[in-house]
Amino acid sequence: MNVDDVRELALSFAGVSESRPFAPDRVVFKTVANNKVFAILSGHEFPDDQVTVKADPERVTALRHRFEAVHPAYKLNKRYWVNISLAGDVPDELIRELIEDSHDLVAP
């Protein structure tokens, strides 16, 4: 997956907004109805493009142990959020699933 794929998927959900409140190269995706973040695309402070998603705490732990490309979320609650390197060892289908699950966790 690349940044365009992530952006296209995130915007495919109904009632999603895209903004850049932190930096020009950090895109935040929120559900409009309750203004909750479900994904963040970032790259300037990392060696490659990454997406940050919310997940169940048990899944966060399992992902961090299973994949080298999954790291604690930058400046977010590390129990619920993970950074995933898009150039890493996480299969594209799993990245898609994690973005969808993250959206479902915060959607009203």
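The present account deals with the structure reproduced in this document. (Residues numbered from 1 in each chain as written. Predicted model: local features only at pLDDT ≥ 70, side-chain atom pairs only at ≥ 80, totals over all residues. Heavy atoms only, no water.)

Right, let's talk about the overall build of the protein chain for a bit. Along the backbone of the protein chain there are three helices and six strands. The order of α-helices and β-strands along the protein chain, N terminus first, is α-β-β-β-β-α-β-β-α. Since a compact globule built from 108 residues should have a radius of gyration of about 13 Å, the 13 Å found for the protein chain is in line with a globular shape. Along the first, second and third principal axes, the C-alpha set of the protein chain runs to 35 × 30 × 25 Å. Taken across its 108 residues, the protein chain has 43% of its residues classed as buried. Sequence separation of 24 or more characterises 45% of the internal contacts of the protein chain that already satisfy a separation of 6 or more. Working note: accessible area of the protein chain is about 5900 Å², and carbon and sulfur atoms make up 49% of it. Charged side chains of the protein chain number 13 positive and 18 negative; the gap between the two group centres comes to 9 Å. (Helix = DSSP H or I, 4+ residues; strand = E, 2+ residues; numbered from the N terminus. Rg over C-alpha atoms; globule rule 2.2 N^0.38 Å. Buried < 20%, exposed > 50% of the residue type's maximum accessible area, 1.4 Å probe, protein only. Contact = heavy atoms within 4.5 Å. Areas by Shrake-Rupley, 256 points an atom, 1.4 Å probe, with all protein chains shown as cover. Lys, Arg positive; Asp, Glu negative; His and termini not counted. Charge placed at Lys NZ, Arg CZ, Asp CG, Glu CD.)

We now examine the sheet that holds strand E3 (residues 36-42). Here six strands make up an open sheet; going across it, the order is E1-E2-E3-E4-E6-E5 and the pairing antiparallel. Bordering the open sheet on either side are strand E1 (16-23) and strand E5 (70-72), each of which pairs with just one other strand. The sheet shows a mean angle of 30° between the axes of neighbouring strands, direction not considered. Pairing of E5 with strand E6 (residues 81-85) involves three bridges; the strand directions are antiparallel. Following the sheet pairing, Val 70 is matched in E6 by Ile 84. Across the face of the sheet, helix H2 (residues 57-66) comes into contact with E5 and E6 while running at roughly 125° to E5. (Pairing = 2+ DSSP bridges. Axes fitted to C-alpha atoms, helices over the stretch in contact; angles between N-to-C directions.)

Moving on, we get to the packing of aromatic side chains. The geometry of an aromatic ring pair comes down to the distance between the two centres and the angle between the two planes. Enumeration according to the criterion identifies two aromatic pairs in this entry. With a centroid separation of 6.4 Å and 40° between ring planes, the pair formed by Phe 29 and Phe 38 is classed as tilted. Phe 38 matches Phe 29 in its accessibility class, with the two residues each being buried. One aromatic cluster in this structure is built from Phe 13, Phe 29 and Phe 38. The aromatic ring of Tyr 80 is capped on one face by Lys 54, whose charged end is 5.9 Å from the ring centroid. (Phe/Tyr/Trp six-rings, centres within 6.5 Å; stacked < 30°, edge-to-face > 60°. Lys NZ or Arg CZ within 6 Å of the ring centre and 35° of its normal.)

Shape is all these values report; function is a separate question.
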